[in-house]
Number of protein chains: 2
Amino acid sequence: MTLDGLPQHRGGAEELARLLARALLAGRWQPGDAFPRELDLCAHFAVSRNQVRNALASLTATGLLERTAGRGTVVRAVSDWHLLDPLISDWMTGIDSLDPKLVREIFAFRYSAEPVVARLAAEAAEAADLERLEAAFRGMTRTATDPAARGLHAEYDVAFHDAIYLASHNLVWRQMGHLLRPSIIALIQSSQAQREHEGLDDSLTRHGRVLEAIRRRAPAAAERAAREVLLRTAIDLGIVEEAVAEPQH
Amino acid sequence: MTLDGLPQHRGGAEELARLLARALLAGRWQPGDAFPRELDLCAHFAVSRNQVRNALASLTATGLLERTAGRGTVVRAVSDWHLLDPLISDWMTGIDSLDPKLVREIFAFRYSAEPVVARLAAEAAEAADLERLEAAFRGMTRTATDPAARGLHAEYDVAFHDAIYLASHNLVWRQMGHLLRPSIIALIQSSQAQREHEGLDDSLTRHGRVLEAIRRRAPAAAERAAREVLLRTAIDLGIVEEAVAEPQH
DNA sequence: GCCTATTAAATGTCTGACATTTTGGCAAGC
DNA sequence: GCTTGCCAAAATGTCAGACATTTAATAGGC
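Residues numbered from 1 in each chain as written. Chains lettered and ligands numbered in written order. Predicted model: local features only at pLDDT ≥ 70, side-chain atom pairs only at ≥ 80, totals over all residues. Heavy atoms only, no water.

Q: Tell me about the overall build of chain A, residues and numbers included.
A: Regarding its fold elements, chain A presents 11 helices and 3 strands. Across chain A, helices and strands are ordered from the amino to the carboxyl terminus as α-β-α-α-β-β-α-α-α-α-α-α-α-α. Counting only residues that meet the buried cut, chain A has 51% of its 249 residues in that class. Contacts in chain A between residues at least 24 apart in sequence constitute 67% of all its contacts with a sequence separation of at least 6. Looking at chain A as shown, the accessible area adds up to about 11800 Å², and 51% of this sits on carbon and sulfur atoms. (Helix = DSSP H or I, 4+ residues; strand = E, 2+ residues; numbered from the N terminus. Buried < 20%, exposed > 50% of the residue type's maximum accessible area, 1.4 Å probe, protein only. Contact = heavy atoms within 4.5 Å. Areas by Shrake-Rupley, 256 points an atom, 1.4 Å probe, with all protein chains shown as cover.)

Q: Requested: an account of the sheet that holds strand β2 (residues 65-68) of chain A, with residues and values cited.
A: Residue and element names in this part refer to chain A. In space, the 3 strands of this open sheet follow the order β1-β3-β2, with antiparallel pairing throughout. Single-partner strands in this sheet number two, and they are β1 (34-35) and β2. For β1 and strand β3 (residues 72-75), the ladder comprises 2 bridges, and the chain directions are antiparallel. Counterpart to Ala34 in the pairing with β3 is Val74. (Pairing = 2+ DSSP bridges.)

Q: Give me the lowdown on the sheet that holds strand β2 (residues 65-68) of chain B, citing residues and values where you can.
A: An order of β1-β3-β2 (chain B) is seen for the 3 strands of this open sheet, with the pairing classed as antiparallel. Each of the sheet's edge strands pairs with one partner strand only, and the pair in question is β1 (34-35) and β2 of chain B.

Q: Can you explain the protein's contact with DNA strand C? Please cite residues and give values.
A: In the vicinity of DNA strand C there are 17 residues, among which A:Ser48, A:Asn50, A:Gln51, B:Arg37 and B:Arg49 approach most closely. B:Arg37 is positioned such that a nitrogen or oxygen atom in its side chain is 2.3 Å from a phosphate oxygen of DNA strand C. In the model, a phosphate oxygen of DNA strand C is placed 3.3 Å from a nitrogen or oxygen of the B:Glu38 main chain. Those elements that place two or more of their residues in the surface near DNA strand C are α3 (49-61) of chain A together with α3 (49-61), β2 and β3 (72-75) of chain B. (Near = heavy atom within 4 Å. Polar contact = N/O pair within 3.5 Å; in protein donor to acceptor, adjacent residues only side chain to side chain.)

Q: Explain the protein's contact with DNA strand D to me, using residue names and the numbers behind them.
A: If you check the shell around DNA strand D, you find 17 residues, and the closest are A:Arg37, A:Arg49, B:Ser48, B:Asn50 and B:Gln51. Backbone atoms, meaning sugar plus phosphate, form 70% of the atoms of DNA strand D positioned within 4 Å of the protein. Take B:Ser48: an N or O atom from its side chain is 2.7 Å from a phosphate oxygen of DNA strand D. Here the surface near DNA strand D gets 3 residues from one element, more than from any other, and that element is α3(B). When the residues that make up the surface near DNA strand D are grouped by side-chain class, the tally is 2 nonpolar, 8 polar and 7 charged. (Nonpolar A, V, L, I, M, F, W, Y, C, P; charged D, E, K, R; others polar.)

Q: Before we move on, could you go through the interface of chain B and chain A and cite the residues and values that matter?
A: Contact with chain B, which involves 30 residues of that partner, is made by 30 residues of chain A. Of the roughly 2600 Å² buried between chain B and chain A on both sides combined, carbon and sulfur atoms contribute 64%. Across the contact surface, chain B and chain A share 10 residue pairs in polar contact (both at pLDDT 80 or more). Listing elements by their share of the side of chain B that touches chain A, those giving two or more residues are α5 (100-124) and α8 (171-174) of chain B. Of the residues forming the side of chain B that touches chain A, the biggest block, 10 residues, is contributed by α5(B). Classifying every residue of the side of chain B that touches chain A gives 17 nonpolar, 8 polar and 5 charged. (Buried area = accessible area lost by both parts, 1.4 Å probe.)

Q: Would you mind going over the relation of the copies chain B and chain A in detail, with residue names and values included?
A: When chain B is fitted onto chain A, the two copies agree to an RMSD of 0.0 Å after a turn of 180° and an axial shift of 0.0 Å. Here the symmetry operator amounts to a two-fold rotation axis. When the interface residues of chain B are mapped onto chain A, 100% of them are again interface residues, pointing to one common binding face. (Least-squares fit on C-alpha atoms with pLDDT ≥ 70 in both.)

Q: Go over the packing of aromatic side chains with me, naming the residues and quoting the values.
A: For the coordinates displayed, the defined rule picks out 9 aromatic pairs over all chains. Both rings, one in A:Trp29 and one in A:Phe35, keep their centres 4.8 Å apart while their planes meet at 50°; by these two values the pair is tilted. A single burial state applies to A:Trp29 and to A:Phe35, both of which are buried. Within the aromatic cluster, the residues linked to one another by ring pairs are A:Phe109, A:Tyr165, A:Trp173, B:Phe109, B:Tyr165 and B:Trp173. The ring centre of A:Trp29 lies 5.6 Å from the NZ or CZ of A:Arg28, which sits over that ring. (Phe/Tyr/Trp six-rings, centres within 6.5 Å; stacked < 30°, edge-to-face > 60°. Lys NZ or Arg CZ within 6 Å of the ring centre and 35° of its normal.)

Q: Tell me about the packing of helix α6 (residues 127-142) of chain A against helix α7 (residues 150-167) of chain A, and name the residues and values.
A: Residues and elements named next belong to chain A. Running from N to C, α6 and α7 cross one another at 160°; their axes reach a closest spacing of 8 Å. Comparing the axis directions of α6 and α7 gives the class roughly antiparallel. When the axes of α6 and α7 are compared, the crossing they make is left-handed. On the side of α6, the interface is formed by Asp129, Arg132, Leu133, Ala136, Phe137, Gly139, Met140 and Arg142, while α7 contributes His153, Tyr156, Asp157, Ala159, Phe160, Ala163, Ile164, Leu166 and Ala167. Considering only residue class, the contact of α6 with α7 consists of 11 nonpolar, 2 polar and 4 charged. (Axes fitted to C-alpha atoms, helices over the stretch in contact; angles between N-to-C directions. Parallel < 35°, antiparallel > 145°, perpendicular 65-115°, else oblique. Left-handed = near helix turned anticlockwise from the far one by under 90°.)

Right, dumping it as structure tokens:
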């Protein structure tokens, strides 16, 4: 696999890393494939070997590549990627051709985790957390009807869910807010046309119920409401069956 | 804060990174403190500037340090550490003076997450997963009574819980097995003397119930059993109150 | 007193040479 | 024919030194 067709870049090892990472995430190389050698990358992008090595170091640290002296650089399997690394999340956002299997895996995780986080949030939320949640919800409401503000609406959506993780007041859960952005963006892009009419209103009221439950400090209700928010998408992705009627957990 | 008292090292940027990271994780510097300059590190450890820069790059990538040209290197707040990065978990294992607050946070996460993971495992486990679980459980049983094999017992304990995450068959959950090792080791070290007599037998039967529930493909039972395994420690750490009698979730 | 150059100090970058590891081929020897 | 050993090629890893860039403090001019 060659380097043809990759976009230009304007300097900086970070941008080079981002560029290569997005090509990897988009599936341009298969696991086990050999990755181009350092000197070829230097030549192709007209950068110093330092830049290339720094960029490759990032890709190695996130589990995308494996390098061994003498042999070369090979692409690692998806199961080895550090999906929880903020760098990976950053690189993933906005990739149009993200592997649907990957989106499904990440959403399956969210569907299992976020209800629990909402429960914790209802137990631990303080004034500042409620303020964040309400601000994000107001933003979602304001941008719900305007089809031109879809990108902004997605940002508020991300902010809302991130606020839930923040409100859990747990160091580990808080870091998973990073995982949300690519997931939410991808889902919105893929399901934007499906139910343009009924979807948004419905989604908004469900989000509102989560906020309400957290404000009331009602853990069980928050857990249920959070599951309701994700349920529709979970059904669409085949993560749960349609018939599930809240099986008393 | 100087570098006095840090152990020697035998070469390799990885080991230097590990050394510095463990000093950071042990609280040798406070958040906001200035970290030694590159050239000082070179002089102190008698290594090239390349080695130092590579080591510092790792610490920066994991959120332990923040570097800016011209100003220098400063230590970041604990809330900025990438606790989910495998490197961090690796560095954390075996630190004697790990911040108790950090242990508590990580265990609180486990207490909220692991029951859900056990549920998923009961739904998705296959033959290989059961084999892993049973092998780890056999190892725990075999090393339970021998006080000399405490280290080995801890390894089997880690393997058992990791097997649960693996059995969930979710890419994201699977990566959190890394988080277990330091958590389990630290807990065993701190609670080894507390209930030497009654603890091990009890813990063993509870682990057995998780295994049994997953084998029976009983999600609700698996979730309950996993919570039971962690409950005793959760009470000790003050994460839940003693009175909790399985409040129907 | 405030603004502006200058300087010092730190991290960032480039370059070329060299070291190390891995792989494969080739040839001698049993 | 098969193994063994050695050498060469190719890749990543390391080093050393000079230079660039950014930041903050400082001295000077008005």
